[in-house]
Amino acid sequence: MEYQDAVRTLNTLQTNANYLEMVKRERGDPQTQLETMKLYLARSGLQVEDLDQLNIIHITGTKGKGSTCAFTERILRSYGLKTGFFSSPHLVQVRERIRINGQPISSELFTKHFWRLYHRLEETKDDSSCVSMPGYFRFLTLMAFHVFLQEKVDLAVVEVGIGGAYDCTNIIRKPVVCGITSLGIDHTGLLGDTMEKIAWQKGGIFKSGVPAFTVLQPDEPLAVLRDRAQQISCPLYLCPPLQALEEGGPPLTLGLEGEHQWSNAALALQLARCWLQQKGYQDAGELKASRPSLPGQLPPAPVFQPTPHMQQGLRHTEWPGRTQLLRRGPLTWYLDGAHTTSSMQACVRWFRQALHRCERPDSGSEVRVLLFNSTGDRDSAALLKVLQPCQFDYAIFCPNLVEMASTDNADQQNFTVTLDQVLLRCLTHQQHWSRLHEKQTSPDPWSTPGQEQGGPASLLLAPHPPHTHGASSLVFSCISHALQWITQGRDPVFQPPNPPRGLLAHPVAYSGAMVLQEAAAVHVLVTGSLHLVGGVLKLLEPSLSQ
């Protein structure tokens, strides 16, 4: 059977919108959900003990856990190790979630393993059980374990889906090492509405006697992590900053842009070094110094000299959709899946610095466009407030729907929301944006008093002409229509057939089209949702769909 048939069948395991709401209201004991996952594993032909063979690095956090996983995997691959990597969500194709040696598994391998697992679970169904098949994410987690075991990887980097304590990846009982990236507020309906509650959930991946590392966190959640680790005798260490590892050696170059990636890279280095040491590798970085821990504080992780393999891994790390730049003729695309307030602040810093570095056109105007969507229980008003000082000429809102009729591509289908819901949400985003512009007289929270614009310590934008379109915003029904309006046929790769009728019917759409056609440079920031970024990449980079 074909890959798309497998993905369509997988999509039937997505929960429809109404059922999802019911589950939220009647959520059962989370511990029972973990026990259920172990039953699914057994039905699939594996026991939890089998997962010990995978030499797992288990990583959670609110921000940067995917990037940290990518850094960690790439470092260890530089040592010649065969790596498995399980992550979520996917950007373009679902097989991106399961990688061998950094590459998504092939369509053929995905299809083979999907049907093998699906039929095995079908055969072991218990009609008396209320849930006979695992949900979408659980199924893919089971499938990743099977693929990694069949492919005989040396190690598997496993990214937690949501939270930690009750995430279905947490059936892993003996990881080699665990990591917790920067914490923030996200998935409050599932994890709690304070940093302390979220830290408790994330600390649920700690295991007795298994080393764990985290980065600098606010005092309260850090105390929760420390207590959680102490309760089960998990040795937890605090990573020193990346600069401490650079001292006395060559500067470290990261394959991912943005200052916030330094923290992710520092954690990845500690995780990789610990894994190598635990597995008896000698070339794991020479210790530079050890810092004594203060009473009541977490012991610091070692300061060591990153090896050439580690340096190479950091330099060659790729992770699409995170601080990613695409330059296409007059258009520059800035793609970042930031979807929490703090990650959006990091995204804005990166965007503004990237704008400041780019060459200004000799003549003609520059136009800045925001393409935004936000999903779930996230506070889109707070995210848009962080984005507002970027001085966009146009703000465009659309659902995470690539085309209005996308039945030919199952990878992008989502049954957990209805079309009406997502369009109404886009209109809500537009209303939030309009209200922010009504209050535009408020001072810029990103400016530093007393500094000239563009000064070395400033994150202000490069000079921008006075706004003629400051509050202009539009809602499109899908990503393709939004991109057709933004590009005006000027992107050399994205060349759709004919624009839909009515694309320029709105006065702002008509006047804006003239501006975009004549601009010397168009800067487009795509953010708010990784699914939105994935949909945009699907259209801008057709090779990702092959």
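Residues numbered from 1 in each chain as written. Predicted model: local features only at pLDDT ≥ 70, side-chain atom pairs only at ≥ 80, totals over all residues. Heavy atoms only, no water.

Per an unreviewed UniProt entry, the protein chain is named Folylpolyglutamate synthase, and its organism is Ovis ammon polii. The UniProt entry for the protein chain carries the following comment under Catalytic activity (unreviewed entry): "(6S)-5,6,7,8-tetrahydrofolyl-(gamma-L-Glu)(n) + L-glutamate + ATP = (6S)-5,6,7,8-tetrahydrofolyl-(gamma-L-Glu)(n+1) + ADP + phosphate + H(+)". Heading Function (unreviewed entry) of the UniProt record for the protein chain holds this comment: "Catalyzes conversion of folates to polyglutamate derivatives allowing concentration of folate compounds in the cell and the intracellular retention of these cofactors, which are important substrates for most of the folate-dependent enzymes that are involved in one-carbon transfer reactions involved in purine, pyrimidine and amino acid synthesis." (UniProt positions renumbered as here; feature names shortened; annotations may be inferred.)

S.K.: Tell me about the overall build of the protein chain, and please be specific about residues and values.
M.R.: Along the backbone of the protein chain there are 18 helices and 16 strands. Taken across its 546 residues, the protein chain has 55% of its residues classed as buried. The contacts of the protein chain with a sequence gap of at least 6 include a subset with a gap of at least 24, amounting to 79%. Carbon and sulfur atoms provide 51% of the accessible area of the protein chain, an area that totals close to 23600 Å². (Helix = DSSP H or I, 4+ residues; strand = E, 2+ residues; numbered from the N terminus. Buried < 20%, exposed > 50% of the residue type's maximum accessible area, 1.4 Å probe, protein only. Contact = heavy atoms within 4.5 Å. Areas by Shrake-Rupley, 256 points an atom, 1.4 Å probe, with all protein chains shown as cover.)

S.K.: Outline the pairing of strand 13 (residues 366–372), supporting the account with residue identities and numerical values.
M.R.: Among the seven residues that make up strand 13, seven are buried, leaving the element largely enclosed by the rest of the structure. For strand 13 and strand 16 (residues 521–527), the ladder comprises seven bridges, and the chain directions are parallel. Following the sheet pairing, Glu-366 is matched in strand 16 by Ala-521. As paired elements, strand 13 and strand 14 (residues 394–397) share four bridges and run parallel to each other. (Pairing = 2+ DSSP bridges.)

S.K.: Hey, could you go over the sheet that holds strand 6 (residues 177–180) for me, with residue numbers and the actual values?
M.R.: With mixed pairing, the eight strands of this open sheet are ordered in space as 4-3-2-5-1-6-7-8. Each edge of the open sheet carries a strand with a single partner, namely strand 4 (103–104) and strand 8 (236–238). In the sheet, strand 2 (residues 83–86) pairs with strand 5 (residues 155–159) via four bridges, with the strands oriented parallel. What sits directly across from Gly-84, in strand 5, is Ala-156.

S.K.: How would you explain the UniProt feature "binding site: ATP" (unreviewed entry) in the protein chain if you had to name every residue and give the values?
M.R.: Sequence positions flagged by UniProt for "binding site: ATP" (unreviewed entry) are, in local numbering, Arg-322 and Asp-336. Within the annotated group just given, the residues that line the largest cavity are Arg-322. Those residues in contact with Arg-322, other than ones at most four positions away along the chain, are Ser-67, Leu-91, Leu-335, Asp-336 and Leu-530. At a separation of 2.6 Å, a polar atom in the side chain of Arg-322 contacts the main-chain carbonyl oxygen of Pro-320. Tracing the backbone through its elements, the reader meets Asp-336 in the loop between strand 12 (331–335) and helix 13 (341–357). For Asp-336, a relative accessible area of 6% puts it in the buried group. Apart from the residues within four sequence positions on either side, Asp-336 is in contact with Gly-321, Arg-322, Thr-323, Cys-347, Trp-350, Val-526, Thr-527, Gly-528 and Val-533. A distance of 2.7 Å separates a polar atom in the side chain of Asp-336 from the backbone nitrogen of Thr-323. (1 Å grid on protein atoms, 1.4 Å probe; cavity = no way out; pocket = protein on both sides within 12 Å on 5 of 7 lines; lining within 4 Å. Polar contact = N/O pair within 3.5 Å; in protein donor to acceptor, adjacent residues only side chain to side chain.)

S.K.: Before we move on, could you go through empty space enclosed by the protein and cite the residues and values that matter?
M.R.: In total, this model carries one cavity of 30 Å³ or more according to the counting rule given. In terms of lining, the largest cavity is formed by Ser-87, Pro-89, His-90, Leu-91, Glu-96, Arg-97, Arg-99, Trp-319, Pro-320 and Arg-322. Within the lining of the largest cavity, the residues separate by chemical class into four nonpolar, two polar and four charged. (Points joined across faces, edges and corners; volume = space filled by probe spheres on them. Nonpolar A, V, L, I, M, F, W, Y, C, P; charged D, E, K, R; others polar.)

S.K.: A description of the nonpolar core should follow, citing residues and the corresponding values.
M.R.: If you look at the biggest cluster of nonpolar residues, it comprises 44 residues, and the most contacted ones within it are Phe-110, Phe-139 and Phe-148. Among the secondary structure elements, those contributing two or more residues to this core are helix 1 (3–11), helix 3 (30–43), strand 3 (98–100), helix 5 (107–123), helix 6 (136–150) and strand 5. Ranked by residue count, the leading element in this core is helix 6, at 10 residues. Those residues in contact with Phe-139 that sit more than four places away from it in its chain are Leu-10, Leu-13, Phe-114, Leu-117, Tyr-118, Leu-121, Met-133 and Pro-134. Counting residues in each nonpolar core, the second largest holds 40 residues, with Leu-76, Val-157, Ala-266 and Leu-314 among its members. (Core = buried A, V, L, I, M, F, W, Y, C linked by side-chain atoms within 4.5 Å.)

S.K.: Could you give an account of the sheet that holds strand 15 (residues 472–475), with specific residues and numbers?
M.R.: Across the sheet, six strands lie side by side as 11-12-16-13-14-15; this open sheet has mixed pairing. Where the open sheet ends on each side, the last strands, each with one partner, are strand 11 (324–328) and strand 15. Adjacent strand axes in the sheet meet at a mean angle of 20 degrees, parallel and antiparallel pairs treated alike. Where helix 13 meets the sheet, it contacts strand 11, strand 12, strand 13 and strand 16, and its direction lies at approximately 165 degrees from that of strand 16. Strands strand 13, strand 14 and strand 16 of the sheet are contacted by helix 14 (residues 380–387), whose axis makes an angle of about 165 degrees with strand 13. (Axes fitted to C-alpha atoms, helices over the stretch in contact; angles between N-to-C directions.)

S.K.: Quick rundown of helix 18 (residues 530–540)? Include the residues and the values.
M.R.: Here helix 18 lies mainly inside the structure; 10 of its 11 residues are buried. Those residues of helix 18 lying buried are Leu-530, Leu-532, Val-533, Gly-534, Gly-535, Val-536, Leu-537, Lys-538, Leu-539 and Leu-540. Next to the buried residues of helix 18 lie strand 11, strand 12, strand 13, helix 16 (479–487) and strand 16. The residue sitting at the N-terminus of helix 18 and contributing the capping side-chain oxygen is Ser-529; that oxygen lies 3.1 Å from the backbone nitrogen of His-531.

S.K.: Can you break down the packing of helix 1 against helix 5 residue by residue, with the values?
M.R.: At their nearest, the axes of helix 1 and helix 5 sit 9 Å apart, and the two run at 45 degrees to each other. Comparing the axis directions of helix 1 and helix 5 gives the class oblique. Handedness of the crossing formed by helix 1 with helix 5: left-handed. For the pair helix 1 and helix 5, contact is made by Tyr-3, Asp-5, Ala-6, Val-7, Thr-9 and Leu-10 and by Ser-107, Phe-110, Thr-111, Phe-114, Trp-115 and Tyr-118, respectively. Looking at side-chain class alone, the contact of helix 1 with helix 5 contains eight nonpolar, three polar and one charged residues. (Parallel < 35°, antiparallel > 145°, perpendicular 65-115°, else oblique. Left-handed = near helix turned anticlockwise from the far one by under 90°.)

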